[in-house]
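# Report on the structure
Given next are the chains, with one letter for each unit.
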Amino acid sequence: MMRRRSSLAGISAITERFTGSGDHTAQGRINRHVPVAVMDIGSNSVRQVIYEGLSRAPAVLFNEKVLCGLGRGIEASHRLNDEGVERALAAIRRFSALGRQAGVSQTHILATAAARDAENGPDFIARVEAETGTQAHLLTGAMEAQYSAWGIRNGFHKPDGMVGDLGGGSLELVRINGEIDGGLTLPLGGLRLAEMAGDSVSRAKEIADKHLDSVKLQWPGDSRRFYAVGGTWRSLAKLHIAHTNYPLNVVHDYTVEAGAFAKFCDAVAAGKLEGSEAMNDVSKNRQSLLPYGALVMAAVLRKTRAATVSFSSLGVREGYVYALLPEKERQEDSLLSAAYDLAILRARSPRHSVELAEFTGKAFKLFGLDETEDEARYRIAACYLADIAWRAHPDYRAQQSLSIIANAGFVGISHEGRAYLALANYHRYRGLGGKAKPPEISVLAGERVERRARILAALFRVLYLFSASMPGVIPKLQIDRTKGGFVLTLPGEHKDLAGERPAERIANLARELETVIDLKVAR
């Protein structure tokens, strides 16, 4: 008993010390952000997402979904499902209370296909507004397509191709290539399609083909990349990842060849994967509509003659949030914004990470390592993330940084790019010798990307020994080309930082570059 009292007294002392100011915002939050919420009222589900704040790469504070089935039976009755309406309103009341609990500054309510198509849709919207005290935005099909495209622009770096957003009631298609072009809506959402077809998959395929044949779809540019949005299509991606034993369980920017994926969708629609182990990766709530989502996907890919299909974790909600940003913030790089936020939250010095990015950019040019635009972005992001595992035990820093980067909610980055970030920071801790077995994610990196990631890691291993992870020293270091290789010059004021360990790391960097690097101390 005495021990318990002592323990409780200790807890009390700690809580008083950290809450005495009355500020209950955790240091794991970006303090410049104020939470905002988006409620998305769809044909099948009602969801609220609370974002940390309006930013180029908003983190999710809270996310909850209720499958209400608002649009169930709408094809026959032309009305929202009565039970679904009551379930949706109950969920919305709960979401409002959660928003108040989370300190939300503003809530945006979006309603889509079911609410706009049903005879009692206006009455339902009026009840939603009465419950929340907030105006609900009833999106037209064109608006829904536009916000889906905004979501793709939010989540991909310079997207080019066609966007498809499959919901419970409708399919929106819109072209994107710098600018967002047009948009159309078809009644091919999973819930509605199943009802139109009388729960017959073969009949549903006929209906999907008929609707797609009735419209003209053109690509906006040279890229024939199809961006897939919506929960059912994300479930298809999860199923494909599990079925193929793909080494990275991340749906966003999971990109596959369209023809092969259309055949996979044929198999799903035919029920050939039912009962498979891979199906365990799909929510049971999604499995009943998966065949309909699969047959629509296959039909769209064949109709458009897409070359590749890329899946997005972002959609209408994130597109709406993106549209709220000032134009200057929209132009920011989502990957670099998210990586730098993580540096603020987890690194010893965010300024030091910026110095790493500036120094390594100059070093790569001097070493003759040309970079594409994306490779430069990935190198900078890797620099921002290079110190996020410092609190872990030294034996586990490599694995922790690898795990964080592999699973972080980054957007604006391909899977190969994610492998670049992971490899650079894994080898920064694990080393580059023969005993440093590359992680499984390395198979996603081509030879060129893997080489650059290793050289970046070797640079990290040199620079951290001079900087002690603090800013101020790295900008004073100088690398120059010599007849026989390169020379790294340490300013005289920091001569005592030279030593055996830095010399050893410089030799490792030289081996990666297949050259010679000397260390010089300036007078």
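Our subject is the structure that appears above.
These remarks concern the structure in this document. (Residues numbered from 1 in each chain as written. Predicted model: local features only at pLDDT ≥ 70, side-chain atom pairs only at ≥ 80, totals over all residues. Heavy atoms only, no water.)

### Let's talk about the pairing of strand 6 (residues 160–166)
Successive side chains on a regular strand alternate, one facing one side of the sheet and the next facing the other. Threshold: When a residue's accessible area, from a 1.4 Å probe over protein chains only, is under 20% of the maximum for its type it is buried; when over 50% it is exposed; and in between it is partly exposed. Each helix is a run of H or I in the DSSP string that is no shorter than four residues. Each strand is a run of E no shorter than two, and both are numbered from the N terminus. Pairing between two strands requires that DSSP report at least two bridges joining them.
Where burial is concerned, most of strand 6 is hidden: 7 out of the 7 residues are buried. When strand 6 meets strand 7 (residues 171–177), the two strands line up antiparallel, connected through 7 bridges. Residue Asp 165 lies in a different strand from strand 7, and its bridge partner there is Glu 172. Where strand 6 folds back on strand 7, the antiparallel hairpin that results is connected by 4 residues. Here 4 bridges tie strand 6 to strand 9 (residues 225–229), and the two strands are oriented parallel to one another. Directly across from Val 163, in strand 9, lies its bridge partner Tyr 227.

### Remarks on the pattern of salt bridges
Side-chain pairing between opposite charges can occur once the charged atoms of the two side chains come close. Test applied: A carboxyl oxygen of Asp or Glu within 4 Å of a side-chain nitrogen of Lys or Arg is what we treat as a salt bridge.
Inspection of the entire model under this criterion finds 29 salt bridges. Here Asp 209 ties to Lys 205 by a salt bridge, and the two come within 2.9 Å at their closest N and O atoms. Placement of the pair is Asp 209 and Lys 205 together in helix 8 (residues 201–213), with a separation of 4 residues, close to one helical turn. Each of Asp 370, Glu 375, Arg 448 and Arg 452 takes part in one network of salt bridges that share partners.

### Details of the packing of aromatic side chains
The cut-off we apply is this: For Phe, Tyr and Trp, rings pair up if their centres lie within 6.5 Å, where Trp contributes its six-membered ring, and each pair is then called stacked (planes under 30 degrees apart), edge-to-face (over 60) or tilted (otherwise).
In the structure shown here, the tally under the stated rule is 11 aromatic pairs. Centroid distance Phe 261 to Phe 264: 5.6 Å. Interplanar angle 35 degrees. Geometry classified as tilted. Of this pair, Phe 261 and Phe 264 both sit in helix 10 (residues 258–269), separated by 3 residues, roughly a single helical turn. Each ring, one from Phe 261 and one from Phe 311, has its centre 5.3 Å from the other, and the planes form 65 degrees; the classification is edge-to-face. Separated by 50 residues along the polypeptide, Phe 261 in helix 10 and Phe 311 in strand 11 (residues 308–311) bring together distant segments of the chain. Here Phe 261 falls in the buried class, since its relative accessible area comes to 1%. You can call Phe 311 buried: its relative accessible area is 0%. Clustering of aromatic rings is evident, with ring pairs tying together Tyr 246, Tyr 254, Phe 261, Phe 264 and Phe 311.

### What to know about helix 13 (residues 316–324)
Burial of helix 13 is extensive: 7 of the 9 residues sit out of reach of the surface. What helix 13 keeps buried is the set Val 316, Arg 317, Glu 318, Gly 319, Tyr 320, Val 321 and Tyr 322.

### Description of unusual backbone geometry
The backbone of Lys 158 shows a phi angle near 50 degrees, a positive value even though the residue is not glycine. With respect to the helices and strands, Lys 158 occurs in the loop between helix 6 (141–155) and strand 6. By relative accessible area, Lys 158 is classed as exposed at 58%. You will see that Asp 199, though not glycine, has its phi angle at about 60 degrees, which is positive. With respect to the secondary-structure elements, Asp 199 resides in the loop between helix 7 (190–196) and helix 8. When its relative accessible area of 61% is taken as the criterion, Asp 199 is described as exposed.

### Focus: the packing of helix 19 (residues 415–430) against helix 20 (residues 447–467)
Operational definition: Fitted lines through C-alpha atoms give the axes, limited to the stretch in contact for helices. The angle between two N-to-C directions lies from 0 to 180 degrees. If you view the pair so one helix is near and one far, a crossing is left-handed when the near helix is turned anticlockwise from the far one by less than a right angle, and right-handed when it is turned clockwise. Note on contacts: a residue pair qualifies if any of its non-hydrogen atoms lie within 4.5 Å across the two residues. When residues are sorted by character, Ala, Val, Leu, Ile, Met, Phe, Trp, Tyr, Cys and Pro go into the nonpolar class, Asp, Glu, Lys and Arg into the charged class, and all the rest, Gly among them, into the polar class.
Packing of helix 19 against helix 20 leaves a shortest axis separation of 8 Å and a crossing angle of 35 degrees. Here helix 19 and helix 20 pass one another in a crossing that is right-handed. Contacts between helix 19 and helix 20 involve Glu 416, Tyr 420, Leu 423, Ala 424, Asn 425, His 427, Arg 428, Tyr 429 and Arg 430 on the former and, on the latter, Val 449, Glu 450, Arg 452, Ala 453, Arg 454, Leu 456, Ala 457, Phe 460, Arg 461 and Tyr 464. Class assignment for the residues of the contact of helix 19 with helix 20 results in 10 nonpolar, 2 polar and 7 charged.

### Overview of the sheet that holds strand 6
The strand order 8-7-6-9-11-10 describes an open sheet built from 6 strands, whose pairing is mixed. Among the strands making up the open sheet, the edge pair consists of strand 8 (179–186) and strand 10 (255–257). Ignoring strand direction, the axes of neighbouring strands in this sheet form an average angle of 20 degrees. Inspection of the sheet shows strand 10 paired to strand 11 by 3 bridges, in the antiparallel sense. Looking across to strand 11, one finds that Thr 255 is bridged to Ser 310.

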